[in-house]
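# Reading the structure
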Amino acid sequence: MGPSFLIGALRRSNATGELRNAHPLRALALGSVLTLILTAILVTGVVLWSASRSDEVTKEWRLQLVSDALTSRLQKISTDQESVADWDEAVVNTRDVFNREWVDVNLGVWMYDYFKHDRVYILNAQNRVLYAMADGKETFVGEGGKPDGLVGALATSLRQQIATTQPLVGAKKHIPRTHDLGFVEGRPALVSVMALVPHSGAVSQERGTESLIASVRFLDASFLTEMSDAYVLNGVRFTRTNDIAPDEQSYTFKNDAGETIGRFVWKPRLPGAKILSDVLPVLAIGLFFIGLAITFLIQGLRRTYTELVTSEAQARHLALHDALTGLPNRAFLNDRLDEALTDVKKGHGQIALMFLDLDRFKQVNDTLGHAAGDALIRELAANLNITLRPGDALARMGGDEFAIIMHDVADRTEVEELCLDIVSAVSRPFDILGNSAMVGISIGVAMAPEAGVDRSELARKADIALYQAKKNGTQRFQFFTEEMSADVQQRRTLECELRDALDAPGQLEIVYQPIYSADLAGISSVEALARWHHPRLGAISPIVFIALAEECGLIDRLGDWVLRQACTTARTWDVGTVAVNVSPTQFRQKDFAERVFAILNESGLSPNRLEIEITESTLLDGSDSSTRGLKVLREAGIKIALDDFGTGYSSLSYLMRLEVDRIKIDKSFVRHLGDSAQSCSIVQAIVTMAHAVGVAVTAEGVETGDQQEFLSRVGCNNLQGYLLSPPVSALGLVELFGSKKIPPRERDIGSAVA
Ligand code: C2E
Ligand code: MG
Ligand code: MG
């Protein structure tokens, strides 16, 4: 599996996150659509209901209207009749002597002309027809039979009414009468029958002697037209059947006995349809725009949300991954380690945590540039990935440090095999931007549960193992052991003790080693070397405590102290220069040059009597502050010496381009002068090339007369070594000065080269 598995897992978790997070948006969209649909249904429902309700109300109202109209038409016939029934002359002309002409003019034709009564009958006290008028024309005069049908029935009914009630004179509304709906001559009609009664006391009338007037109004075309005009009954017709179309409305009318006479049928003009046709399009357009607005809103939200989710995923990815290699980073590894350790705690197998650190990565960066360094890291990440077993996790912890979690480890051999694979994969030369680079890798391993099940504890132990692997150099991987822990503990203690020593510098001392002119004429300069007299451990090598000071950030304090001591002490000495070693970390400080000047100022030593010894790595640092520092120091007259020359990484020709005043050939070359012709040639070449570019040469570690003799012969300017003098205390040096070996003060580097 490896990192791809981790990335996959993250992707999966992102994907779930998106799904989980997309849910509210979908719910919002669904909610909005549902709300819109419900609103549409509700509003449409209300509109439809209002339309149908208004139709119903209109229909009910129209039915009531038609019912009222029929009643009032029927009553109107009675009222029409009242105008002639309450009349002395009508009584006289119909009862006493039947005046045909008078009856025709005043009761027959009059009723037709004036009130549009279709039929008028005058009946005598026996209900026999004395006169009949049809459609404005007299149709019968004489004494006929009793009328049949509804007219006859109403006349009979009226006679019974008269017999039981006392007719009142002069009160029209009390004139005996009766009316009903029914059929006359087979046609639907309104029929009213009324007694003719005297108006004044001048004419008397006995009960039972009254003549009757019967009027018929057919519910014919003219009646329907009249109804239609008065009550807006569109296309009204009469029917006795049920042939009513669905879009028609009908009114069923009945006689007093409750028998159905027939129906008026018409096409109602309903406002509902109009309301619908007016409102629905507006409603539809409104809903459409609301829908559109919601769609835009949701789309906008969706876009914003997608961007948010994407940037969140990117931020999450960036937070958990290394930008250069795309590998999981320290934070991600910690998560994975916690997960793995949870399983281990439950008794599920064992895991190995491996910390990996590149060797000589700095040199690649320094010589080939940072782009090459980046390319190397990328290439290495890819190589490591290939070597992993499926399921193992690889992460970049920063710089040239990587970490691997091996899951389900069967035994140490399995881990060792992976370590060996990695070491051999990394030991091959890398082809970086057209250059071949050789690096190595050191691995520290801590196994869980063996070394602990706490993340930071396990990491600490893997780190200790890595430190040991680096320290050992030869063996490139190291499993954590408790002894290492003790070692680290000792280191910590030493760190604290160094801090204390710096606070109360009685334990620290500077010794000075004289450097002689090659002809041994005298001491040309001295090199200041730090000493730590540990109360418990005795003398500790500067190689050990300088490295410790660099690691724990005390080097600046220590360096300043050495420089201050050396300058102050050397000021009074009658010696050319005092050389002070400066570590790369110290030199890299931005304010290093300023601090040197301050100390020179403080001690009163002239800048041209100070020589600063740096190593190749300081020169190759290439950082702005280092380059600038070098320039500023040299401009001020301070000399720069390149210490331990030949042990570093850089080529001679490259170094020759660098601006230094002196190189110090490392003692490892000097040591082999007697037994290695190659060493002799190298030393010879170094001296020749250095002189060619005007740089003085000091040889370190001169222990034998042969060495001294050879080095003088090949042209070294100065010699330093136990043969001539070991490093001595300041007092010891003063004694040395007292002897006759003190060289002339003006014997400086320039004249030596010349
Ligand atoms: P270095 O600057 O190359 O100093 C020379 C070292 O060689 C000294 O070791 C010195 O004692 C030793 N030496 C001198 N003559 C001979 C000889 O004939 N044979 C052999 N085998 N060795 C000889 P020392 O004093 O132990 O210092 C070791 C290194 O520690 C120094 O190497 C220097 O790099 C570093 N160092 C010492 N003092 C300081 C300091 O104050 N600051 C810094 N940054 N580094 C220091
Ligand atoms: Mg030195
Ligand atoms: Mg040296």
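Here the structure is shown first, and the text comes after it.
Residues numbered from 1 in each chain as written. Chains lettered and ligands numbered in written order. Predicted model: local features only at pLDDT ≥ 70, side-chain atom pairs only at ≥ 80, totals over all residues. Heavy atoms only, no water.

## As for the pairing of strand S17 (residues 508–517)
Strand residues, when the strand is regular, have side chains that alternate between the two faces of the sheet. With respect to burial, S17 is a largely interior element, nine of its 10 residues being buried. The sheet contact formed by S17 and strand S18 (residues 523–534) spans nine bridges and is antiparallel. The residue of S18 that forms the bridge with valine 511 is leucine 529. In textbook terms, the turn of a hairpin is the stretch between consecutive antiparallel strands, and for S17 and S18 this stretch comprises five residues, one of which, leucine 520, has a positive phi near 60°. (Buried < 20%, exposed > 50% of the residue type's maximum accessible area, 1.4 Å probe, protein only. Helix = DSSP H or I, 4+ residues; strand = E, 2+ residues; numbered from the N terminus. Pairing = 2+ DSSP bridges.)

## Points about the sheet that holds strand S3 (residues 137–141)
Reading across from one edge, S3-S2-S1-S6-S5-S4 is the order of the six strands in this open sheet, with antiparallel pairing throughout. Edge positions in the sheet fall to S3 and strand S4 (177–184), since each of these pairs with one other strand and no more. Averaged over all adjacent pairs, the angle separating strand axes in this sheet is 20°, with direction ignored. Here strand S1 (residues 119–123) pairs with strand S2 (residues 129–134) via five bridges, running antiparallel. Opposite arginine 119, over in S2, you have alanine 134 as the bridge partner. Across the sheet, helix H3 (residues 100–115) touches S1, S2, S3 and strand S6 (212–218), and the angle it forms with S2 is around 40°. (Axes fitted to C-alpha atoms, helices over the stretch in contact; angles between N-to-C directions. Contact = heavy atoms within 4.5 Å.)

## Notes on the packing of aromatic side chains
Evaluation of the coordinates by the stated rule reveals 14 aromatic pairs. Each ring, one from tyrosine 512 and one from tryptophan 573, has its centre 4.9 Å from the other, and the planes form 85°; the classification is edge-to-face. Here tyrosine 512, found in strand S17, pairs with tryptophan 573, found in the loop between helix H14 (555–571) and strand S20 (577–581); they are 61 residues apart in sequence, far enough to count as distant. We note that tyrosine 512, like tryptophan 573, is buried. A cation sits over an aromatic face here: arginine 187 above phenylalanine 218, 3.8 Å from the ring centre. (Phe/Tyr/Trp six-rings, centres within 6.5 Å; stacked < 30°, edge-to-face > 60°. Lys NZ or Arg CZ within 6 Å of the ring centre and 35° of its normal.)

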